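Structural features, examined
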Amino acid sequence: MTEHAPHAPQALDIAIIGMAARFPGADSVEQFWTNVRDGVESIRRLTDEQLLAAGVDAGSLDDPDYVKACPVLDDIDKFDAAFFGLSARDASVMDPAHRIFLEVAWKAFEDAGYTALPEEGAVGVFAAAGAPLYMMQNLQTNPDLMRSMGEFLVRHTGNDMNFLATRVSYEMDLRGPSLNVQTACSSSLVSVHLACQSLARGECTMALAGGSTVLIPQAQGYHFKEGEILSPDGHCRPFDAKSAGTVFGSGAGAVILKRLSDALDDGDTIHAVIRGSAINNDGAVKVSYLAPGVEGQAAVIASALKAADISADSISYVETHGTGTLVGDPIEVEALNEAFRTRTRRRNFCGIGSVKSNIGHLGEAAGAASLIKAVMALKNRQLPPSLGFEAPNPAIDFANSPFYVNARLTPWIAEGQRRCGVTALGAGGTNCHLILEEAPAPLAGEGERSQQLFVLSAKSRTALDAASRNLADMIEANPSIDLADVAYTMALGRRAMPHRRVIAAGAAADAIRLLRGEDAKRVATGVAGDQRLKTVFMFPGGGAQYASMGRELYDLEDVYRDAIDACMDIINPALGIDLRTLMYPQVADREAATRTLERPSLTLPSLFATEYALAQLFQSWGATPQALIGHSVGEYAAACVAGVVTLEDALKLVMMRGRLFEVVQRGGMLSVQLSESELRALMPKALDIAAVNAPDLTVASGPVAAIAELQSILAAREIESTPVHIDVAAHSSMLDPVLDQFRELCRTISFKPPQIPFVSNVTGKWITAEQATSPDYWVAHLRSTVRFADGLATLRELGDVALLEIGPGRTLSMLARAQAEAFQNAFSSLRHPQESASDLAFALT
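Residues numbered from 1 in each chain as written. Predicted model: local features only at pLDDT ≥ 70, side-chain atom pairs only at ≥ 80, totals over all residues. Heavy atoms only, no water.

1. Comments concerning the overall build of the protein chain
Operational definition: Only runs of H or I of at least four residues qualify as helices and only runs of E of at least two qualify as strands under DSSP, and these elements are numbered from the N terminus. We call two residues contacting when some pair of their heavy atoms lies within 4.5 Å. Surface accessibility in these figures is a Shrake-Rupley result with a 1.4 Å probe; residues are shielded only by whichever protein chains are displayed. Here Asp and Glu are counted as negative and Lys and Arg as positive; His is not counted, and neither are the chain ends. Charge placement uses NZ in Lys and CZ in Arg. For Asp and Glu, CG and CD serve respectively.
Looking only at helices and strands, the protein chain features 33 helices and 29 strands. Overall size of the protein chain, expressed as C-alpha extent along the three principal axes, is 110 × 65 × 45 Å. Contacts in the protein chain between residues far apart in sequence, at least 24 positions, make up 77% of those at least 6 positions apart. Carbon and sulfur atoms make up 51% of the accessible area of the protein chain, which amounts to about 34300 Å² in all. In the protein chain, 71 side chains carry a positive charge and 99 a negative one; their mean positions are 1 Å apart.

Structure below.
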């Protein structure tokens, strides 16, 4: 997440935080800017063969007035219907302009780093569509289709201009205002203006604004007629003496808007700031209905400057409507002159240009193209060339004007902040002008962790692989990119889809390699179920600890370190030593520290502190548990996280437990691959069942001699058993002498009902408020059998779960997979002592 410098936003200051586009010659904003910057004309010259293939009759090819040029929009027939949950039939009936706008809208939100789901607030849509040419020329000429589907459904499925914005709102579950805006050629810029107003009024927290139009058929020329707006040679030359008309094309563009104050608070990437905007209409003060008018255009520019509360001479560029007509261009410049001359006497300080010289006139999407060009110019601090300008239109007096035509690529040099205007003029007289300002300078980040977690998801494995390659290519192409920002956006700014992949990487080169599949062992890929998994934290018991557990997390993660230190502030005065010296020893002292940590009075508090810190860390990362389960002493950590006991009280219980273990008679424990009933039938009477961990995995506990006797019995029957490396017979009758002492402590504790459900070791069922708050329950917990297998069975009531072992090693996750019906999603979060992985990379992955 990027932070930005302080800024005093005006009441209507709106941040542009995301952009996406499909324009002639460009399928992305980046390619569009490259073309515009480099002076590329994307109005394509068409050969006779191409025209014939596109359905042009041979007679037109011989007509001297037939212009063989078109701003072609590629791949209008390609649409991922399944991605949006549309049937092939519905997609085939939908206007390509509507299909493309759906894709552009999705990409714009991804560019902004937002899912746009309801939990992010109300999201508005303000969008404009071109005439439904696809329906008129392709669908209505198919009587079978019209008869079988019906004209009403054909229109409403996605053809009528009334349904562009609401279709996006429906498909993406956007619940703010959803308006279709139709003001002809100014539509998409008017959409931006209306979105800004809606944001300022608080109707939505974020807004998508833009437009889309697709001319059908594509890749065809047109017949030039004298007196019309079309260019005689397929070139658009705004403000030039040879200006003779424009060329119409297809495209779609959209921006994501947010109140500037909110964008700054949220650390959004801000592409530019909208300082003010205005709309009006010419009324009848012009030659004819379709003619432009100076008075209306001048008034809307003046209104926008007033709304922005800035001086005209602080504007150093205007992206004009600029259709390249002999009459329209002089009127537009004269309107600019009138608006500026009353506010400044300076001359030739403000460049003007028109993107129509690059891509033609995109009708309802023209304003979006102009806006995106201006934003990219601000971001890159470059004024791109307006093409085709050699000598000024004789009706324009640039010498005595504040303006000049920017005909070549130049650095954008300005006194103070860079600002520009953007104009869009609609046939019929609805004018729109918008004032842009460059984004506040970003502040340096607060530093980042040594490892970043990259989360990717897609609707198919093929798409997931493609997304991984695309991300690798993006990181490679931008060596200075902040990996922390990338990881943050991928994790929280993308909608979750079934096919998932996660990697942890500390450097760009490592991330690129893993994303390209060059080390499969370090990449986790899988398919999520239809239901969202419920997260369960599992806290292991004694025996899982080891020296240096979580050392890297303590060194690198503030949340983890603060949690450990909070525990130490309670533990160390009671122990008379700094337990951290044993938990995080020097390499040479690690073996000795591990042996020392085997003392229960040290083992249990060090284990609890680690589990508590891990829980705080994972919750800070957004892993919120819906339920908890502990194993033996691990239930204290569960109770603390659930709010049953305070951190201080939990540690009192843990430390007392550790001290009592050291005063009871020495005992032993044995893990046996038998069911509880089978083990009871074989073991000596002096032993107790300490834990039932799986249907065929049970732990016996008791005197050392009785444990040895059981080992002999099992060996004679060739039954596998494993000693538990602990000198205490936990959960056995050997603890009976100390239970009253423990009860006395429990009676001093103020237990509270759990705020997060957790499973009881004693019953194997959900703990009740009465049990959780009863001192006698916690005494029984110390003495009774740990019914962990029953507890795991109880967790199945939640449906599909993801079990995350919050503690060192992998004991509990292995037990979860050892059940009669194995848990498929059981993960450890802190490496086993025999593993050499980075603690942070392990936890993130």
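2. Focus: the sheet that holds strand β6 (residues 178-180)
To summarise the sheet geometry, strands pair through backbone hydrogen bonds and adopt either a parallel or an antiparallel arrangement. Just so we agree on the cut-off: The pairing criterion is simple: DSSP has to find at least two bridges between the two strands. Fitted lines through C-alpha atoms give the axes, limited to the stretch in contact for helices. The angle between two N-to-C directions lies from 0 to 180 degrees.
Spatially, 11 strands are ordered β6-β5-β7-β9-β1-β10-β17-β16-β11-β12-β14 in an open sheet, and the strand pairing comes out mixed. Edge positions in the open sheet fall to β6 and β14 (403-405), since each of these has one partner strand only. Each strand axis lies, on average, 25° off the axis of its neighbour in the sheet, ignoring direction. Alignment of strand β16 (residues 419-425) against strand β17 (residues 430-438), held across 7 bridges, turns out to be antiparallel. Bridged to G421 within β17 is I435.

3. Structural notes on the nonpolar core
This is how the line gets drawn: Residues belong to one nonpolar core when they are buried, are Ala, Val, Leu, Ile, Met, Phe, Trp, Tyr or Cys, and are joined through side-chain atoms within 4.5 Å. Think of it in three bands: residues with accessible area under 20% of the maximum for their type are buried, residues over 50% are exposed, and the middle band is partly exposed, with areas taken using a 1.4 Å probe on protein chains only.
Ranked by internal contacts, the top residues of the largest apolar core, which has 101 residues, are F608 and L803. Per element, the largest residue contribution to this core is 11 residues, and it comes from helix α23 (residues 600-620). Dropping the residues within four chain positions of it, L803 is found in contact with V536, M538, L792, L795, A816, F823, N825, A826 and F827. Listed in part, the 54 residues of the second largest apolar core include L73, L86, M149 and V214.

4. Comments concerning the sheet that holds strand β22 (residues 627-630)
Across the sheet, 5 strands lie side by side as β27-β22-β21-β28-β29; this open sheet has parallel pairing. Where the open sheet ends on each side, the last strands, each with one partner, are β27 (758-759) and β29 (826-830). Taken together, the 4 bridges between strand β28 (residues 801-808) and β29 define a ladder with parallel strand orientation. When the bridges of β29 are listed, P808 appears paired with L830.

5. Quick word on the pattern of salt bridges
Operational definition: A pair is scored as a salt bridge if a Lys or Arg side-chain nitrogen falls within 4 Å of a carboxyl oxygen belonging to Asp or Glu.
Following the criterion strictly, the structure yields 46 salt bridges and no others. Measuring nitrogen to oxygen at the nearest pair gives 2.6 Å for the salt bridge that ties E171 to R167. Of this pair, E171 and R167 are both found in helix α9 (residues 164-172), 4 residues apart, which corresponds to roughly one turn of the helix. Using a relative accessible area of 18% as the deciding quantity, one classes E171 as buried. Under the relative-accessibility criterion, R167 is labelled buried at 16%. We note a salt bridge from D473 to R516, for which the minimum N-O separation is 2.8 Å. Of this pair, D473 sits in helix α16 (residues 461-477) while R516 sits in the loop between α18 (508-515) and β20 (523-527), placing them 43 residues apart in sequence. Members of the salt-bridge network, linked through shared partners, are D13, R275, R419 and E437.

6. Overview of the packing of helix α12 (residues 294-308) against helix α13 (residues 328-341)
Basically, it comes down to this: If an angle is under 35 degrees, it is roughly parallel; if it is over 145, roughly antiparallel; if it lies from 65 to 115, roughly perpendicular; otherwise it is oblique. Crossing handedness follows the turn of the near helix against the far one: under a right angle anticlockwise gives a left-handed crossing, and clockwise gives a right-handed one. Ten residues, namely Ala, Val, Leu, Ile, Met, Phe, Trp, Tyr, Cys and Pro, are considered nonpolar, four, namely Asp, Glu, Lys and Arg, are considered charged, and the remaining ones, Gly among them, are considered polar.
Packing of α12 against α13 brings their axes to within 8 Å, and their N-to-C directions diverge by 45°. By the angle between their directions, the pair α12 and α13 is classed as oblique. Seen from above, α12 lies across α13 with right-handed handedness. Contacts between α12 and α13 involve V294, Q297, A298, I301, A302 and L305 on the former and, on the latter, I331, E332, E334, A335, L336, E338, A339 and F340. The residue makeup of the contact of α12 with α13, split by class, is 10 nonpolar, 1 polar and 3 charged.

7. Focus: helix α31 (residues 788-795)
Across the 8 residues of α31, 6 count as buried, placing the element largely inside the fold. For α31, the set of buried residues is F788, A789, G791, L792, T794 and L795. Buried residues along α31 sit in contact with β21 (534-539), β22, β24 (688-694), β27, β28 and α32 (811-817).

8. Re the side chain of Q297
Turning to its location among the elements, Q297 is positioned in helix α12. In this structure Q297 touches D282, P292, I331, E332, A335, L425 and N431, once residues within four positions along its chain are discounted.

9. Observations concerning the packing of aromatic side chains
For the record, the criterion: Side-chain rings of Phe, Tyr and Trp (the six-membered ring for Trp) are treated as a pair once their centres are within 6.5 Å; stacked means planes under 30 degrees apart, edge-to-face means over 60, and tilted covers the remaining angles. Over a ring means this: the NZ of a Lys or the CZ of an Arg is within 6 Å of the ring centre and within 35 degrees of the ring normal.
Under the defined criterion, the tally for this structure stands at 15 aromatic pairs. When the ring of F23 is compared with that of F32, the centres are 4.7 Å apart and the planes differ by 65°; the resulting orientation is edge-to-face. Comparing F23 with F32 shows no difference in burial state: the two are buried. On the basis of an interplanar angle of 25° and a centroid distance of 5.8 Å, the ring pair of Y636 and W778 is categorised as stacked. Pair noted here: Y636 is in helix α24 (residues 634-641) and W778 is in helix α30 (residues 775-783), with a separation of 142 residues, a long-range link. Across the pair, W778 and Y636 agree in class, each one buried. Ring-pair connections join several aromatic residues into one group, and the members of that group are F79, F83, F84 and W106. Lying across the ring of F349, R346 places its NZ or CZ 4.3 Å from the centre. If you follow R796 out to its NZ or CZ, it ends over the ring of F823, 3.9 Å from the centre.

10. Quick look at the pairing of β16
Most of β16 is tucked away: 7 of the 7 residues are buried. Across 3 bridges, the pairing between strand β11 (residues 317-319) and β16 is parallel. Residue Y317 lies in a different strand from β16, and its bridge partner there is C420. As consecutive antiparallel partners, β16 and β17 are separated by 4 residues, and within that stretch G428 has a phi angle of approximately 105°, a positive value.

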